[in-house]
Amino acid sequence: MNDVVICLLSPAGFDRAAQGLAGAGRRLAEQLGSQLTAIVLSQQSPAIAQEVATVVDKVIVVVDGGEYQPEPALSALTKVCSRLSPAAILFGNDTYSQEVTPRLAHRLGGATDDADGELRVCGRRGQEA
Amino acid sequence: MNILVCLKQILDPEIPAREFRVNPAKREAERGNANLVTNIFCENALETALQFRETLSETKITVLSFGASTAEDSLRKALAMKADAAALVINDKTSNPDPLTVTQVLAAAIRKLGSFDLIMVGREAGDWGAGQTAGLLAEELKMPCVSFVDRIEPMNGGLRLNRQTDSGSEVLEAQTPLVVSITNDEHNVPRIPKVRDVMMSYRQPLTQWTLADLGYQLEDDKYYQVVDLSIPQKESRCEFVTGDTLDERVESLAKRITEVTSLL
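Being a predicted model, the structure only gives us computed values, none of them experimental. The residue count restarts for each chain, going from 1 along the sequence in the order it is written. Throughout, the order in which chains and ligands are written sets their labels, letters from A for the former and numbers from 1 for the latter. The predicted origin of the model limits local features to residues at a pLDDT of at least 70 and limits the giving and counting of side-chain atom pairs to 80 or more, whereas totals for whole chains, interfaces and linings rest on all residues.

Attention now goes to the overall build of chain A. Under the scheme used here, helices are H or I runs from DSSP no shorter than 4 residues and strands are E runs no shorter than 2 residues, and both carry numbers assigned from the N terminus. For chain A, the helix and strand inventory stands at four helices and four strands. Listing every helix and strand of chain A by position from the N terminus yields β-α-β-α-β-α-β-α. Residues with at least 20 other C-beta atoms within 10 Å of their own are called buried, those with 12 or fewer are called exposed, and the rest are partly exposed. The C-beta atoms themselves are positioned from the backbone. Classification of the 129 residues of chain A by burial places 43% in the buried group. Within chain A, residue pairs in contact and separated by at least 24 positions form 64% of the contacts whose partners lie at least 6 positions apart. What counts as a contact here is a pair of residues whose C-beta atoms, placed from the backbone, lie within 7 Å.

A few words on unusual backbone geometry. All names here are of chain B. Backbone torsion omega between T176 and P177 reads 0°, so that peptide bond is classified as cis. On the secondary structure map, P177 appears in the loop between β11 (168-174) and β12 (178-182). Here the phi dihedral of K82 falls at roughly 95°; this positive angle occurs in a residue that is not glycine. Here K82 shows up in the loop between α2 (72-80) and β7 (85-90). Even without being glycine, K142 reaches a positive phi, approximately 55°.

Here we take up the confidence of the model for chain A. Scored by pLDDT, chain A has a mean of 83; 84% of the residues are at 70 or more. The model gives residues 124-129 of chain A a pLDDT under 50, and that stretch makes 15 contacts with residues more than four places away or in other chains. The predictor's confidence in any single residue is recorded as pLDDT, a number from 0 to 100.

For two strands to be treated as a pair, DSSP must find at least two bridges joining them. Sheet architecture is open: nine strands sit in the order β11-β10-β9-β12-β8-β1-β6-β7-β13 (chain B), paired in mixed fashion. Strands at the two margins of the open sheet, each flanked by one partner only, are β11 and β13 (207-210) of chain B. On average, each strand axis in the sheet is tilted by 30° relative to the strand beside it, whichever way the strands run. Taken together, the six bridges between strand β6 (residues 60-67) of chain B and β7(B) define a ladder with parallel strand orientation. Bridging across to β7(B), B:F66 finds its partner in B:V89. Each of β9 (145-155) and β10 (158-165) of chain B touches helix α4 (residues 95-108) of chain A; the most contacted strand, β9(B), lies at about 100° to it. With respect to the sheet, helix α4 (residues 133-141) of chain B is in contact with β1 (2-7), β8 (118-122), β9 and β12 of chain B, its orientation differing from that of β12(B) by roughly 175°. Structural elements are reduced to axes, namely lines fitted to C-alpha atoms, with helices fitted over the stretch in contact, and the angle between N-to-C directions of any two is expressed from 0 to 180 degrees.

The subject of this paragraph is α4(A). Think of an α-helix as turning once every 3.6 residues; residues three or four places apart then point the same way. Residue and element names in this part refer to chain A. A helix is expected to span 1.5 Å multiplied by its residue count minus one. Compared with the 20 Å implied by 1.5 Å per residue over 14 residues, the 21 Å span of α4 between its first and last C-alpha is a close match. Where α4 bends most, at T101, the angle is about 30°, and the proline P102 comes one to four residues later. Among the 14 residues of α4, 13 are classified as buried, and the element is accordingly described as predominantly covered. Of the residues one or two after α4, G109 is the one with positive phi, at around 75°. Bend angle per residue: angle between axes fitted to the 7 residues ending at that residue and the 7 residues starting there.

Here the focus is the interface of chain A and chain B. Every contact between the two is made by 16 residues of chain A and, on the other side, 16 residues of chain B. Those elements giving two or more residues to the side of chain A that touches chain B turn out to be α3 (70-84) and α4 of chain A. Take the side of chain A that touches chain B: its biggest share by element is seven residues, from α4(A). Residue composition of the side of chain A that touches chain B, grouped by class: four nonpolar, five polar and seven charged. Nonpolar residues are Ala, Val, Leu, Ile, Met, Phe, Trp, Tyr, Cys and Pro. Charged residues are Asp, Glu, Lys and Arg, and all others, Gly as well, are polar.

A few words now on the pairing of β10(B). Residue and element names in this part refer to chain B. Pairing between β9 and β10: six bridges, direction antiparallel. Bridge pairing in β10 places I152 opposite L161. The loop that links β9 with its antiparallel partner β10 comprises two residues; one of these, N156, has a positive phi angle of about 45°. Of the pairings in the sheet, the one linking β10 to β11 comprises seven bridges and is antiparallel in character.

Have a look at this one:
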């Protein structure tokens, strides 16, 4: 079963929003019977990776060290997500995530939407970002 | 500088909540007594473009909309606000096209209109609030994208952009061509056109295309489907805490809060 992926881009660290994202990812992964993977791409990547590792099955850290730039971030996420071929990719509601999400979905040939409630599995058709 | 601003006409989001209805069969909002208005973030985008033109006089602003024939009103208002040209792609097929369809149609229209240095869209629409257009349009047109911009100034052949972030704001420098999504700020409150300009706008030319004119064929269920649409039901209950003394009532209230929050 393909993984559920959460992407953490916010410089705010593993804050309440990121914890909520991890929780939503975990519930979706359980419904799908799959693993939960976190991709961390942030200036605080090592610290965030340590914290998120306690609640996900696998952490992938994209080491950059610089400030967020949309094009390199998008390029890195596209490469990593193409390799993982996840069932679903979840992002938080921070500025950077909102910027990257539709573009990543376009590049991966998936769909994107803004969800602020419950995520449920109703069937499987393809990727969703 | 050639600027294109995308405008979306939506049901007035300011209608009282009690008057808002959805049609579950069609899975869309019912118009009812609501007016049709231009999405506020799109108007912020137009205002930002108009202010940019005030600092760089050799700038042409074109407004573009994809929607029902009534969207002409939004474009006429934009002309009254002093946009230079307007184009409408009439959507006579589906009332709620998905974000990718919208951006593919807009991209086809933009290619037909010509070459643009800067493409501006609102950060999200007040109806569905998907907030996808800027990013998807950038991908369709193979352009870079900057989101949540509230001010744009010319700078050495490029642009200086002020962008809102979760922790404050960033000042960015970028080269054209570029897609930006515009958010609201005290600097880009849309101007109110003069009555005379509103009347004059109805005499100005407005390009109208159908999807067939763009060679675009709508596909059903290409991206995602709205399978259900409903208004959230609010449930409220009132409980009175009991106790003989104030301390007992406070204790009882604290205990009840703990019980309720532990269920969340």
